[in-house]
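Chain and residue survey
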Amino acid sequence: VWQRDLSVSVERAGDMQEAQGDLKGALDSYQRGLAIADRLARSEPGNAGWQRDLSVAHTKVGDIQLAQGHLSGALERYRDGLVISERLAKSDPGNGRWQHGLSISFERIGDVQEAQGDLQRALDSYQSGLAIRQWLVASDPGNAGWQRELSVSFTKVGDIQRAQGKLVDALDSYQKGLAIRATLARAGSSNVDWLRDLSVSYNKVGDAMQAQGNLPGALDNYRGALAIRERLGRSDPGNSAWQHDLAVSYAKLASILIRQGAQADAVEKL
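Residues numbered from 1 in each chain as written. Predicted model: local features only at pLDDT ≥ 70, side-chain atom pairs only at ≥ 80, totals over all residues. Heavy atoms only, no water.

**Brief notes about the nonpolar core**
Buried together is how nonpolar side chains tend to be arranged in soluble globular proteins. Where we set the bar: Take the buried Ala, Val, Leu, Ile, Met, Phe, Trp, Tyr and Cys residues and link them wherever side-chain atoms come within 4.5 Å; each set so joined is a nonpolar core. Accessible area is worked out with a 1.4 Å probe on protein chains only. A residue is then buried under 20% of its type maximum, exposed over 50%, and partly exposed in between. The secondary structure listing takes helices from DSSP runs of H or I that are at least 4 residues long and strands from runs of E that are at least 2 residues long, numbered from the N terminus. The contact definition used throughout considers only heavy atoms, calling two residues in contact when any of these lie within 4.5 Å.
Core analysis: the biggest nonpolar cluster contains 24 residues, and L102 and L150 have the highest contact counts within it. Contributions of two or more residues to this core are made by α4 (71-91), α5 (96-115), α6 (119-139), α7 (144-163) and α8 (167-187). Sort the elements by how many residues they give to this core and α6 lands first, with seven residues. Ignoring anything within four residues of it in the chain, the contact list for L150 reads L130, R133, Q134, V137 and I180. Counting residues in each nonpolar core, the second largest holds 23 residues, with L195, L198, L219 and I228 among its members.

**Regarding α7**
Where we set the bar: Every helix has an expected span of 1.5 Å times one less than the residues it contains. In protein, a polar contact means a hydrogen-donor-capable atom and an acceptor-capable atom, both N or O and within 3.5 Å, with residues adjacent in sequence counting only if both atoms are side-chain atoms; elsewhere, any N or O pair within 3.5 Å suffices.
Under the 1.5 Å per step criterion, the end-to-end length of α7 is 29 Å for 20 residues, consistent within 8% with the ideal 28 Å. Among the residues of α7, W146, Q147, L150, S151, V152, S153, F154, T155, V157, G158, I160 and Q161 are the ones counted as buried. On its buried face, α7 sits against α5, α6, α8 and α9 (192-211). Of the residues flanking the start of α7, the one acting as N-cap is N143, its side-chain oxygen 3.1 Å from the backbone nitrogen of G145. G165, located one to two residues past α7, shows a positive phi value of around 85°.

**Brief notes about the side chain of R133**
Here R133 shows up in helix α6. There is a polar contact of 3.0 Å between the side chain of R133 and the side chain of S153. Ignoring any residue separated from it by four or fewer positions in sequence, one finds R133 in contact with S103, I104, E107, E149, L150 and S153.

**A few points about the pattern of salt bridges**
Filter applied, for reference: In the sections that follow, a salt bridge refers to a side-chain nitrogen of Lys or Arg positioned within 4 Å of a carboxyl oxygen of Asp or Glu.
For the coordinates displayed, the defined rule picks out 16 salt bridges. Salt-bridge contacts for D38 lead to R42; the nearest nitrogen and oxygen are separated by 2.9 Å. One end of the pair is D38 and the other is R42, both in helix α2 (residues 23-43) and four residues apart, which spans about a single turn. A relative accessible area of 23% means that D38 is categorised as partly exposed. Taking the relative accessible area as the measure of exposure, R42 reaches 63% and is therefore exposed.

**A short note on the environment of Y78**
Within the secondary structure layout, Y78 lies in helix α4. In the structure, Y78 is positioned 23 residues away from S55 in sequence and 8.4 Å away in space, judged by C-alpha atoms. Those residues within four positions of Y78 in sequence are excluded, and the remaining contacts are T59, G62, D63, L66, R108, I109 and V112. Polar side-chain contacts of Y78 include one of 3.3 Å to the backbone oxygen of G62.

**Examining the environment of L232**
You can see L232 is positioned in helix α10 (residues 215-235). Measuring from C-alpha to C-alpha, the distance between L232 and Y222 comes to 15 Å, with 10 residues separating the pair along the chain. Once you skip the residues sitting within four places of it in the chain, L232 turns out to touch V192, L195, R196 and W242.

Shown next, in the form of structure tokens:
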């Protein structure tokens, strides 16, 4: 038991180092935790909890490698985690925790494949995770965390579809993500993370509409994002990330106004 406690302590140290931007230190800590988790999992293969710990350890190492640009290493770690997650999910298909872990593995692998430019494989991975998250939400509709993750899956699928030129499919995916985020934002109007998520979805829908030549529709969605970002910006003027978001929204709005011939209005937004 003390070995597992040690792995948890090492992992937490890695979490702190990652939060501080010390990626090398975080990687060292996570790799130490992975070594311990691997020994425990090998010593007792039937212990599902230790198997899950090993999957999480692989994922954390992969996250740092991805952040460092070491894509092949990250993909290897994520795939090792996926093998374990798939085994756990198959052993107990109704276990939401195992299914959730599997959806994360698919998403992480998709992130690497997208970064590698392997769009079709990335789409396949994201859609596998999406299917699991749809099942999770259907099994527990009141779980806001799973609802948000489902919206993330729709957005990631939409990004790949858009990159592939599948604009109709991309718009459909973005709109499904938007619908979820709008519901979450209405239920938690003071949750700034959900509000920002919603603004991102408005922009994604607007981007897809603009690419299709639907300028009025794009303008409406960009304005929806801008309204949220102006509210967030006013609530915390010193938040540089929100000020950046606001600048992005002004630029998107101005691009539509220029295309519509409203240069004077566009200048005001820039």
